[in-house]
Structures are given as C-alpha cells and as structure tokens.
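A structural walkthrough
Here is how the chains run, residue by residue.
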Amino acid sequence: MNSDTELAPAVRSILEAARERSGGEGVVAVEARSLPEALADAEADGRVPVIAEVKPTSPTAEGTRDDDPVELARAMVDGGAAAISVLTEPTHFGGSAEALTRIREAVDVPVLRKDFVLDEAGMDVVEADLLLLIVRFVDDLEGLVAAARERGFQPLVEVHDRAELETALEAGAEIIGVNNRDLARLEVDLETFESVAPHAPDDVTLLAESGVSSPADVRRMREAGADALLVGSAIMDHGAGDSDVTANTRRLTRAESEDQANDDDTTQT
Ligand SMILES: O=C(O)c1ccccc1NCC(=O)[C@H](O)[C@H](O)COP(=O)(O)O
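So, how was this worked out
- Residues numbered from 1 in each chain as written.
- Predicted model: local features only at pLDDT ≥ 70, side-chain atom pairs only at ≥ 80, totals over all residues.
- Heavy atoms only, no water.
- Helix = DSSP H or I, 4+ residues; strand = E, 2+ residues; numbered from the N terminus.
- Rg over C-alpha atoms; globule rule 2.2 N^0.38 Å.
- Buried < 20%, exposed > 50% of the residue type's maximum accessible area, 1.4 Å probe, protein only.
- Contact = heavy atoms within 4.5 Å.
- Areas by Shrake-Rupley, 256 points an atom, 1.4 Å probe, with all protein chains shown as cover.
- Core = buried A, V, L, I, M, F, W, Y, C linked by side-chain atoms within 4.5 Å.
- Phe/Tyr/Trp six-rings, centres within 6.5 Å; stacked < 30°, edge-to-face > 60°.
- UniProt positions renumbered as here; feature names shortened; annotations may be inferred.
- Pairing = 2+ DSSP bridges.
- Near = heavy atom within 4 Å.
- Polar contact = N/O pair within 3.5 Å; in protein donor to acceptor, adjacent residues only side chain to side chain.
- Nonpolar A, V, L, I, M, F, W, Y, C, P; charged D, E, K, R; others polar.

**What to know about the overall build of the protein**
The number of helices and strands found in the protein is 12 helices and 8 strands. In terms of overall size, the protein behaves like a compact globule, its C-alpha atoms giving a radius of gyration of 17 Å where 269 residues would be expected to give roughly 18 Å. Summarising its shape, the C-alpha atoms of the protein cover approximately 50 × 40 × 35 Å along the three principal directions. Put simply, the protein has 269 residues, and 53% of those count as buried. Summarising the internal contacts of the protein: among those between residues at least 6 apart in sequence, 68% fall at separations of at least 24. Counting every atom, the protein has about 11800 Å² of accessible surface; 42% of that belongs to carbon and sulfur.

Pasting the structure below:
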C-alpha cells in the first residue's frame, strides 16, 4: 500500500477482503468502449455527463437494493447516464463480476469496474471498459496502468489530494477521478474536488466522484472543472427501496438545462 495514513475500519476490512480474493483464470483482453467519446456524446446531446453507479449497498448506505442490476443499469441509461459504474466488490458492496458482465451485454455505454484492484491478478476477473485503480492502495501505479492498458482497459485512476494527483500524472493517467469521500471517516466534502481540480492539466478527463446528491452539486462540480460526475448513492437512493432510478438519474443529467435550474430555484424558495 502506498500510504500509512489513517483508514476507516470499513476500508481496512475492504482491503483485507480484496487481498483474499483470487484473480481469474488467464489474462483478460477487452475491446473497450471509449469513455471520452461517451462523455462528448452526452455533452453534444445537452446532458451533463454522468457515470451512474450500480451500488447495491455500501458501508455508508442506509440500506440495500436487491433490484436486478441489469434493470437498474437500463434505468440509468434511460435517465441519460453516459456510462455505468458497477461495484463488483461482493462483501461490503453486494456486487459481483457476473452482474457486470450481464450489464455490459445489456447496455451500449462504457462500463466501469469499480473495485479494489491491488495487483495484476486482480484485473483478470472480468471484462469491462474501464478499470479503477486507487492511488492510495497500490504500490506500482505506473506498472498497473500499463498492465491495464495492455489488457485493453481504460484505467480510471482515483486520487484524494494534490500529491496523489501528481502520482497519477507521473504514472501516465489520462482519466482521473477525485474522490470527495475521505478514507479515514468516510465523510464526503465537495471541497476536495474543488481543491484538486485546478492542478489537473486540461488534457486529462477529470471526474468528480462521491457525494454529488443534487443538481446544485452537479453544477458546483462542473464549475470547478469536472468533465463528468460519478454518482452512486443519490441515484440508488438505498433508504427509499424502490425509488425511481431513471428519474433520479435524469434529475442530475438535466442539471444544466434551463428547466431544471428553474425548478431548483422554485424548490429552494
Ligand atoms: O460508498 C461507500 O460507502 C464507500 C465506503 C468505503 C470505501 C469506498 C466507498 N465508496 C466507493 C465509491 O467511490 C463510491 O461508490 C462512488 O464514488 C459513488 O459515491 P456516492 O455517489 O457518494 O455513492
């Protein structure tokens, strides 16, 4: 691991579970759907580029959604999602590689494998268009970025502060996510993205991850330089059980349209 900074007990537990999980058989080879192209398509279409996350539960979620992951992903695409993120971690997030495979067959947008990949073997589990690598949790980021690309994945490199951004850039990352959830208390603070984003070069595809829950949050992250938003909880709405995932997604993908901005103003007054 790349840092000895404090980690929440849930994160320690996630990492222990990740170390115990085995990789797949053989080396994965993917023909990836391009994330930058999907984000550009969404922009051209007047949608805010949102990567909607199929996240059955999590250490901070208020409940669990047992809906069919394929139906959830389809509903997110209907709501305008430019791409889908799928938690494949089974123990703490209720995910699976099988769910990702089924989703990728069912939708035509890029699909991110959101998991805690610590080494090359951890990559060879399932085909996905993007693969998450978290700077804090890996020792040889440059080697893993190269290994991911050799397999055809687009690596999404996740950072939490400016020093990690530098590490990501030195490793050759082209798609970088700034996670607003800190790993010590699991609290979200949108200022994290705002403090890191100005230091990212323009040619990087920059994602704001975690804690985006309203159209106002979307606009705030976009104004701070986010090319796209990665949103799980606000779309899954775990506590509400059968909340409408299409409507939840559409509310965010339309956050920059005039109608939505007017609705928000009306609601706030
Ligand atoms: O979401 C959690 O509770 C969590 C806890 C510990 C480590 C990671 C965690 N989440 C992973 C993610 O990065 C998020 O699922 C993703 O960024 C979406 O965040 P949100 O929109 O806040 O659900």
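**Considerations on the nonpolar core**
With 60 residues, the main nonpolar core has Met-76, Ile-84, Ile-103, Met-123 and Leu-229 as its most contacted residues. Non-local contacts of Leu-229, meaning those with residues more than four positions away in its chain, are made with Val-48, Pro-49, Val-50, Ile-51, Ala-208, Val-212, Val-218, Met-221 and Arg-222. Within the second largest apolar cluster, 27 residues are counted, among which are Val-11, Leu-15, Leu-130 and Leu-156.

**A look at the packing of aromatic side chains**
Inspection of every chain in the model, using the stated rule, returns 2 aromatic pairs. Judged by centre distance (5.8 Å) and plane angle (25°), the rings of Phe-93 and Phe-116 are stacked. Of this pair, Phe-93 sits in helix H4 (residues 90–93) while Phe-116 sits in the loop between strand E3 (111–114) and strand E4 (130–134), and the two are 23 residues apart along the sequence. A relative accessible area of 15% places Phe-116 in the buried class. Grouping aromatic residues by their ring pairs yields a cluster made of Phe-93, Phe-116 and Phe-137.

**Section: the UniProt feature "domain: Indole-3-glycerol phosphate synthase" (unreviewed entry) in the protein**
UniProt marks residues 28–239 with the feature "domain: Indole-3-glycerol phosphate synthase" (unreviewed entry), using the numbering shown here. Along residues 28–239 the backbone is 34% helical and 18% strand, and the end-to-end C-alpha distance reaches 36 Å.

**Some thoughts on the pairing of strand E2 (residues 83–87)**
Here E2 lies mainly inside the structure; 5 of its 5 residues are buried. Judged by which residues are buried, E2 turns out to be covered on both faces: Ala-83, Ser-85 and Leu-87 on one side and Ile-84 and Val-86 on the other are all buried. For strand E1 (residues 50–54) and E2, the ladder comprises 4 bridges, and the chain directions are parallel. By the bridge assignment, Glu-53 is partnered in E2 with Ser-85.

**Here's the deal with the site of the ligand**
Taken together, 18 residues sit near the ligand, with Glu-53, Lys-55, Thr-60, Lys-114 and Ser-233 positioned nearest. Within the side chain of Asn-179, a nitrogen or oxygen atom sits 3.1 Å from an oxygen atom of the ligand. Here Arg-181 contributes a side-chain N or O atom positioned 2.9 Å from an oxygen atom of the ligand. A total of 510 Å² of accessible area belongs to the ligand in isolation, and the protein chains cover 97% of it. A breakdown of the residues in the shell around the ligand according to their chemical character gives 6 nonpolar, 7 polar and 5 charged.

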